[in-house]
Amino acid sequence: MANTISEQYAKVDFSPIQALTEGEVVTHSPVRDIRLASGRVLALITLDNGRDHTRPNTLGPATLTELGETLARLKARAAAGEIQAVGITGKQYILAAGADLSDISKVGSKDNARLIAQLGHKVLGSLSELGVPTFAFVNGLALGGGLEIALNSTYRTVDASAAAVALPEVFLGIIPGWGGAYLLPNLIGIENALEVVISNPLKQNRMLKPQQAFELGVMDAIFPAANFLENSLTWADAVLGGKKVERRNEPGKIERLTKWPIAIKMARGMLESKIGTVPKSPYAALELLDKAKSGTKAEGFAREDEALAELVTGDQFAASMYAFDLVQKRAKRPVGAPDKALAKKVTKVGIIGAGLMASQFALLFVRKLQVPVLITDLDQARVDKGVSYIHDEIGKLEAKGRLDGDTANKLRSLVTGTTDKSLYADCDFVIEAVFEEVGVKQQVFAEIEKIVADDAILATNTSSLSVEEIGSPLSHPGRLVGFHFFNPVAVMPLIEVVKTPHTTDAALSTAFVVAKGLGKNAVLTADAPGFVVNRLLAKVMGEAARAVYEGTPVAEVEKAFAPLGLPMGPFQLIDLVGWKVAAHVQDTMVRAFPDRFYANENFHELAELDAVVEKDKGGRVTGWTKAAEKTLKGAVASSPASADTILRRVQDGLAQEIRLMLDEGVVPAVEDIDLCLILGAGWPFIDGGASPYLDREGASERMFGGTFHNPPIRGIAHS
């Protein structure tokens, strides 16, 4: 193994990946000399792709090659004594958003994937071998390879207003492959590195704020935006003059010997409990972090080269790239959404109901739209409880510093509650959050329609009922639209916007504009039972229930579903959404499609219990409560299904149902089904939603003799 990074990659032939540069938006690396107050000269590189901040700097092969040449020239200048330091920063608001993923996904072979990793290591690694100290001035967004530029530098400063700092690779089915997995734990300690490299990506791709990055020790100094570069240069000059940089989280010998292996073992147990063993990237990252405790940087980089080459060419990365593309592009331009110019301007929102769901709606509407929000219920006590909940939640946000005092007071004043429904008269958008029963919803809308203006939009949050049937008694059924949120309302990014045969373009356009204003992604669906997400989750839950009532122990049923890669097992999910809700959805689906969905009357008896399942510390279902066992007695057969049988049944059921939904025109394309599952059910990126996984597992072929994608979405290793 070579002693230096430059020696390690000196003889590697990178010409095969130079062919991948066609179409790359090159991020250039111009240099200017800055004479510091001390008289020393710092050569400052400013990464810039020539686009505005909506098109971040990315690091493709041509970009890396040019940066490598720039750094080689600076190394020669440093050796000649012309410069005493090198700095690297980015264009306004952006350091770099990491590797150009479109380039990585078309590498063509495992050898080329390894070359991408090696080129990144060679170029970024040279930042620590220029013969003078290097400074990364992180002036904005620094993700993946962008953060690895900083980690490979000797010192780092960050702009307090930078959008985000993160290593999100595990979220996308790969690992930090340009030094991050080796350098970060050796900078901030194993526990902090586990949080940044593994835990955060698995928490819906959570990122670090600049202050958090500074407190963890990822950054050495933090400065306000107004004078960021000026302050960073002054700080760099002081460091060059001998100022000591404290790194209190840097691991010592004792941490490496004792804390390190314990932290890795605990993290492995946590991963197995939370996500199962199907996802490859978290475990590959864990292995790299474990081995980073000893050995040389060159050895650490070589391990990253191999791990990245393996993952980039696998099925999970291919599916992740498909999912990433859906979320980044398709979700932002909803298929079937009418012209937004047709939308009615919403200046006041009405919410029918004041329970927990209604109160969550009210909080979201008032925070995001900042318009008056009115809630009503049958009696003043319920209304007061709802308003109190909303005010308390605003208070919590204020206490956390997420709202300032003036904004918090303004939001509280915008929320009102009453039993007097005549106050809906000037609402432009009214949504119900009442009991999930057609008759109840019809009744409240009939009452409200007489009060609101003729062009006011009515929305139902039904999870599985027919929107057309709910609107059938209305004088203007075209104003009614389905507007289905997912729990928890503040967190889940999806709204299913449901169109009936009567829904007007104005109502539909308003729904899409409101959804966007709420910070949600909207997907258009037809008015079909369960729409998209609940129809497919009902298939999953129904097959789980079928296996239990055949006599399979509940813990074994949960394990059988593990290869799907879902964030939780089916009964853990039922326990989260509520047994009564689940029983109701199953009934709705069985009524609509009795030959394809499973329900059991005994399920309703279970739903009446205070507690149905026992769980371990990780939240995984381990068995039934005593009360549930008693309730199940006599309803359960004695012919348990094997794990393979259960998994195959759910795979085939999902493939059949998705094919039928496409044939029925529930959504425009299979991509919309996958998008709904990713955003509304937490379906993993590594599956690409459901359809690439079902193609890969042969379920599509078994059920309809074809595949959802032609060719199927597979990794390079299988093409």
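Preceding block: the structure.
The rules we used
- Residues numbered from 1 in each chain as written.
- Predicted model: local features only at pLDDT ≥ 70, side-chain atom pairs only at ≥ 80, totals over all residues.
- Heavy atoms only, no water.
- Helix = DSSP H or I, 4+ residues; strand = E, 2+ residues; numbered from the N terminus.
- Buried < 20%, exposed > 50% of the residue type's maximum accessible area, 1.4 Å probe, protein only.
- Contact = heavy atoms within 4.5 Å.
- Areas by Shrake-Rupley, 256 points an atom, 1.4 Å probe, with all protein chains shown as cover.
- Expected span 1.5 Å × (residues − 1).
- Salt bridge = Lys/Arg side-chain N within 4 Å of Asp/Glu carboxyl O.
- Pairing = 2+ DSSP bridges.
- Right-handed = clockwise from strand over helix to strand, strands pointing away.
- Phe/Tyr/Trp six-rings, centres within 6.5 Å; stacked < 30°, edge-to-face > 60°.
- Lys NZ or Arg CZ within 6 Å of the ring centre and 35° of its normal.
- Axes fitted to C-alpha atoms, helices over the stretch in contact; angles between N-to-C directions.
- Core = buried A, V, L, I, M, F, W, Y, C linked by side-chain atoms within 4.5 Å.
- Left-handed = near helix turned anticlockwise from the far one by under 90°.
- Patch = residues over 30% accessible without salt bridge, like charges linked within 9 Å, V, L, I, M, F, W, Y side chains within 5 Å.

Remarks on the overall build of the protein chain
- Across its full length, the protein chain carries 30 helices and 19 strands.
- Principal-axis analysis of the C-alpha atoms places the extent of the protein chain at approximately 85 × 60 × 50 Å.
- The 719 residues of the protein chain split such that 57% are buried.
- Residue pairs in contact within the protein chain that sit at least 24 positions apart in sequence constitute 75% of those at least 6 positions apart.
- Here the protein chain has roughly 29,400 Å² of accessible surface; of this, 52% comes from carbon and sulfur atoms.

Some points on helix α14 (residues 315–328)
- The first and last C-alpha atoms of α14 sit 20 Å apart over 14 residues, in line with the 20 Å expected at 1.5 Å per residue.
- Among the 14 residues of α14, eleven are classified as buried, and the element is accordingly described as predominantly covered.
- Listed as buried for α14 are D315, Q316, F317, A318, A319, S320, M321, Y322, A323, L326 and V327.

Points about the pattern of salt bridges
- Using the criterion set out here, one finds 37 salt bridges in the structure.
- One salt bridge in this structure joins D672 and R330, with 2.9 Å as the shortest N-O distance. With D672 in helix α28 (residues 670–681) and R330 in the loop between α14 and β10 (349–352), this residue pair connects regions lying 342 residues apart in the sequence.
- Residues R546 and E543 are paired through a salt bridge, measuring 3.0 Å at the closest nitrogen-oxygen approach. On the criterion of helical spacing, the pair formed by R546 and E543 is a turn pair, its members being three residues apart in helix α21 (residues 533–550).

Concerning unusual backbone geometry
- Here the bond from N487 into P488 is cis, since omega is -10 degrees, no more than 30 degrees from zero.
- Position of P488 among the secondary structure elements: in the loop between β15 (480–484) and β16 (494–499).
- Following N710, the chain continues to P711 via a peptide bond in cis, the omega torsion being -5 degrees.
- With respect to the helices and strands, the residue P711 is situated in the segment after α30 (699–704).

As for the pairing of strand β2 (residues 41–47)
- Counting buried positions along β2 yields six of seven residues, so the element is predominantly enclosed.
- Pairing of strand β1 (residues 31–35) with β2, which is carried by five bridges, proceeds in the antiparallel orientation. Residue pairing for β2: I34 is matched across the bridge by L42.
- Counting the residues that bridge the hairpin from β1 to β2 gives five residues, and of these G39 lies at a positive phi of roughly 100 degrees.
- Sheet analysis places β2 next to strand β3 (residues 85–90), joined by six bridges and oriented parallel. Note on β3: the bridge partner recorded for T46 is T89.
- With respect to chirality, the unit in which β2 leads through helix α3 (residues 61–79) into the neighbouring parallel β3 is right-handed.

Considering the packing of aromatic side chains
- Applying the stated criterion across every chain, the model contains 17 aromatic pairs.
- Between F135 and F137 the ring centres are 6.2 Å apart and the planes differ by 25 degrees, which places this aromatic pair in the stacked class.
- Using a relative accessible area of 0% as the deciding quantity, one classes F137 as buried.
- Members of the aromatic cluster, each reached through a chain of ring pairs, are F361, F365, F429, F483 and F485.
- Cation over ring: K539 sits above F597, and NZ or CZ is 4.6 Å from the ring centre.
- Taking the ring centre of F593 as reference, the NZ or CZ of R596 above it sits at 4.3 Å.

Some thoughts on the sheet that holds strand β14 (residues 457–460)
- Within the open sheet, the eight strands sit side by side as β12-β11-β10-β13-β14-β15-β16-β17. Their pairing is mixed. The open sheet has two edge strands, β12 (415–418) and β17 (521–526), and neither has a second partner. Neighbour-to-neighbour, the strand axes of the sheet open up by a mean angle of 25 degrees, direction not taken into account.
- Here four bridges tie β10 to strand β13 (residues 429–432), and the two strands are oriented parallel to one another. Bridge pairing in β13 places I351 opposite I431.

Here we look at the sheet that holds strand β6 (residues 141–143)
- The sheet built from three strands is open, its strands ordered β4-β6-β8 with parallel pairing. Either end of the sheet is taken by a strand with one partner, and the two such strands are β4 (94–96) and β8 (165–166).
- Bridging between β4 and β6 involves two bridges; their strand directions are parallel. In the strand pairing of β6, A96 is matched with A142.
- Set on the sheet, helix α6 (residues 145–152) makes contact with β4, β6 and β8; between it and β6 the angle comes to about 90 degrees.

A few points about the nonpolar core
- Ranked by internal contacts, the top residues of the largest apolar core, which has 159 residues, are F571, W579 and W624.
- Broken down by element, this core gets its largest block of residues, ten residues, from α21.
- Setting aside residues up to four positions removed in sequence, F571 forms contacts with A544, A545, V548, V554, V557, E558, W579, F603, V621 and W624.
- Ranked by size, the runner-up nonpolar core spans 43 residues in total, among them V371, L403, F485 and A511.

Side note on the side chain of S359
- Inspection of the secondary structure assignment puts S359 in helix α15 (residues 356–369).
- Among all residues touching S359, those that are not within four sequence positions of it are A354, G386, Y389 and I390.

Topic: the packing of α21 against helix α23 (residues 570–577)
- One way to put it is that α21 packs onto α23 with a least axis distance of 9 Å and a crossing angle of 115 degrees. In this structure, α21 crosses over α23, and the sense of that crossing is left-handed. From α21, L537, V540, M541, A544, A545 and V548 reach across to α23, where they touch P570, F571, L573 and I574.

A closer look at the pairing of β15
- Among the five residues of β15, five are classified as buried, and the element is accordingly described as predominantly covered.
- Residues L480, G482 and H484 line one face of β15 and the alternating positions V481 and F483 line the opposite face, and both faces are buried.
- The pairing of β14 with β15 spans three bridges and is parallel. Bridging from a neighbouring strand, A459 pairs with V481 of β15.
- Here three bridges tie β15 to β16, and the two strands are oriented antiparallel to one another.

With respect to a nonpolar patch on the surface
- Taken together, the side chains of L576, V577 and V581 make up a nonpolar region of the molecular surface, amounting to roughly 260 Å² of accessible area.
- The residue V577 is located in helix α23 in this model.
- With relative accessibility at 38%, the residue V577 sits in the partly exposed group.

Nothing here speaks to function; it is all geometry.
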